[in-house]
Amino acid sequence: MTTVTGAARVAGVTGWPVAHSLSPRLHGYWLAHHGIDGIYAPFPVAEDDFAQAMRGLARAGVRGVNVTVPHKRRAFELAHDLDAAARAIGAVNTLLFHDDGRIEGRNTDADGFIANLADHGVDPAAGPALVLGAGGAARAAVHGLLAAGAPQVRIANRTRARALALATDLGDRRIRVVDDAVRLGLPGDLALLVNTTSLGMAGKGALDVDLARLSPATVVHDIVYVPLQTPLLAAAGARGLRTVDGLGMLLHQAVPAFAAFFGLRPAVTTDLRNNLLEVLGT
Ligand code: ATR
């Protein structure tokens, strides 16, 4: 057990609600593992209180926070400075409170998404990708894939207008908006299929897909991690396709945030993953 002193570095996660967040467990694991004099706390903050609460945390010497639902857009608006990923995605998942009073907004989701694929030996440059969904998670995935050299990224979403808005905002010639019905007959030329919709999540409806025409080389990735083995991944696995579950992205997006808060770049290890799987009950 690491002793916390009066000089401890303090960071945390803010959301509403925040009790379900795995981030305290995740950052707490690294703090203990490295014997760092630090605390990573949950900060439940209601929507209307967000700006005031963040300024208060900053004034109280907190180094920064991770930002989750429903505050990612508000955090974007609050920040004085934004990194390139936050600007492209239009959302912030990490706020850093600097000594001079400036609040910096970063988005580590795209890097986490790509680092997780790399960890699984997946090269986004290998061929076309199809991203299902057009919410914040899709924006991070598409931005990450383009930055990592994907030759083409197709987007299919129930609400086509949202997919078109994503394509316009990211403004890259390699993006194609395709009909959502593509799910019911997935094409054979995909190197990567990514589900960023909430379908397949425990308590939500199923994602209707037909994997029959996918090439044996297609990697299927679901960013949903509750359950870890989604129906999509189970179906892909049953066809002998390579699959990547959603827990890795959560672990990898936390790495740069931890480094910014506590000054040490931690590793994503099997032991850490097993530690979190215990909480997820899988
Ligand atoms: P996040 O920021 O986590 O991506 P979000 O912005 O709420 O969350 O996006 C959720 C995604 O899941 C969207 O692409 C949404 O489609 P719409 O843009 O049409 O809303 C998709 N989604 C959620 N429920 C769905 C359903 N029942 N059928 C199809 N798509 C669904």
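Residues numbered from 1 in each chain as written. Predicted model: local features only at pLDDT ≥ 70, side-chain atom pairs only at ≥ 80, totals over all residues. Heavy atoms only, no water.

Right, let's get into the packing of helix 6 (residues 136-147) against helix 7 (residues 160-170). Close contact between helix 6 and helix 7 brings their axes to 11 Å; oriented N to C, the two are set at 40°. When the axis of helix 6 is compared with that of helix 7, the two are oblique. The hand of the helix 6/helix 7 crossing is right-handed. In this structure, helix 6 contributes A138, R139, V142 and H143 to the contact, and helix 7 contributes A165, L166, D169 and L170. The class makeup of the residues in the contact of helix 6 with helix 7 is 5 nonpolar, 1 polar and 2 charged. (Axes fitted to C-alpha atoms, helices over the stretch in contact; angles between N-to-C directions. Helix = DSSP H or I, 4+ residues; strand = E, 2+ residues; numbered from the N terminus. Parallel < 35°, antiparallel > 145°, perpendicular 65-115°, else oblique. Left-handed = near helix turned anticlockwise from the far one by under 90°. Contact = heavy atoms within 4.5 Å. Nonpolar A, V, L, I, M, F, W, Y, C, P; charged D, E, K, R; others polar.)

To continue, consider the site of the ligand. Residues in close proximity to the ligand include G133, A134, G135, G136, A137, N157, R158, T159, R162, T197, S198 and L199, which together make up its full environment. Note that an oxygen atom of the ligand is positioned 2.5 Å from one of the side-chain N or O atoms of T159. Within the contact set of the ligand, an oxygen atom lies 3.5 Å away from a backbone nitrogen or oxygen of S198. Contact with the protein chains covers 66% of the free accessible surface of the ligand, which is 640 Å². (Near = heavy atom within 4 Å. Polar contact = N/O pair within 3.5 Å; in protein donor to acceptor, adjacent residues only side chain to side chain. Areas by Shrake-Rupley, 256 points an atom, 1.4 Å probe, with all protein chains shown as cover.)

Those residues of helix 8 (residues 231-238) not exposed but buried are L232, L233 and A236. Buried residues in helix 8, looked at end-on, bunch into an arc of 95°, giving them a common side. Opposite the packed face of helix 8, turned more than 90 degrees from it, sit the exposed residues P231 and A238. A positive backbone phi angle near 85° is found at G240, which sits one or two residues after helix 8. (Buried < 20%, exposed > 50% of the residue type's maximum accessible area, 1.4 Å probe, protein only. Arc of directions from axis to C-beta.)

Once that is clear, we can look at the pattern of salt bridges. Evaluated as defined, the whole model comprises 11 salt bridges. For E47, the salt bridge is made with R74, and the minimal N-O distance between the two is 2.8 Å. Taken together, the residues E47 in the loop between strand 2 (38-44) and helix 2 (50-59) and R74 in helix 3 (residues 72-78) connect sequence positions 27 residues apart. A salt bridge links D81 to R102; the shortest N-O distance between them is 3.1 Å. Taken together, the residues D81 in strand 4 (residues 81-82) and R102 in the loop between strand 5 (94-97) and strand 6 (103-106) connect sequence positions 21 residues apart. Residue D81 is classed as partly exposed on the basis of its relative accessible area of 31%. Its relative accessible area of 36% is what places R102 among the partly exposed residues. (Salt bridge = Lys/Arg side-chain N within 4 Å of Asp/Glu carboxyl O.)

Taken as a whole, this structure holds 4 aromatic pairs when the rule is applied. Ring geometry for W30 versus F258: centroids 5.4 Å apart, planes at 70°, classification edge-to-face. Here W30 is found in helix 1 (residues 23-34), whereas its partner F258 is found in helix 9 (residues 247-262), with 228 residues between them in sequence. On the accessibility criterion, W30 (1% relative accessible area) is buried. Connected via pairs of aromatic rings, a cluster forms that spans W30, Y40, F258, F261 and F262. (Phe/Tyr/Trp six-rings, centres within 6.5 Å; stacked < 30°, edge-to-face > 60°.)

On to the nonpolar core. By size, the foremost hydrophobic cluster in this structure holds 27 residues, and its most contacted members are F113, V142, L145 and L192. For this core, the secondary-structure elements that each account for two or more residues are helix 5 (109-119), strand 7 (129-132), helix 6, strand 8 (153-156), helix 7, strand 9 (175-178) and strand 10 (192-195). Looking at this core, the element that brings in the most residues is helix 6, giving 5 residues. In contact with F113, other than residues within four places in its own chain, are A141, L145, V194, H221, I223 and M249. Core analysis: the second largest hydrophobic core is formed by 24 residues, W30, L250, F262 and L277 among them. (Core = buried A, V, L, I, M, F, W, Y, C linked by side-chain atoms within 4.5 Å.)

In this section: the sheet that holds strand 4. Strand order in the open sheet made by the 6 strands is 2-1-3-5-6-4, with mixed pairing throughout. Where the open sheet ends on each side, the last strands, each with one partner, are strand 2 and strand 4. Bridge count for strand 5 against strand 6 is 4 bridges, and the pairing is antiparallel. When the sheet's bridge partners are listed, L95 is paired in strand 6 with G105. Sheet contacts for helix 1: strand 1 (9-15), strand 2 and strand 3 (64-67); angle to strand 2, the most-contacted strand, approximately 175°. Sheet contacts for helix 9: strand 1, strand 2, strand 3, strand 5 and strand 6; angle to strand 5, the most-contacted strand, approximately 10°. (Pairing = 2+ DSSP bridges.)

All right, on to the packing of helix 9 against helix 10 (residues 270-280) then. Interhelical geometry of helix 9 versus helix 10 gives an angle of 120° and a closest axis separation of 11 Å. Taken together, the axes of helix 9 and helix 10 lie oblique to each other. Where helix 9 crosses over helix 10, the handedness of that crossing is right-handed. Mapping the contact onto sequence places L247, G248, L250 and L251 in helix 9 and L272, R273, L276, L277 and L280 in helix 10.

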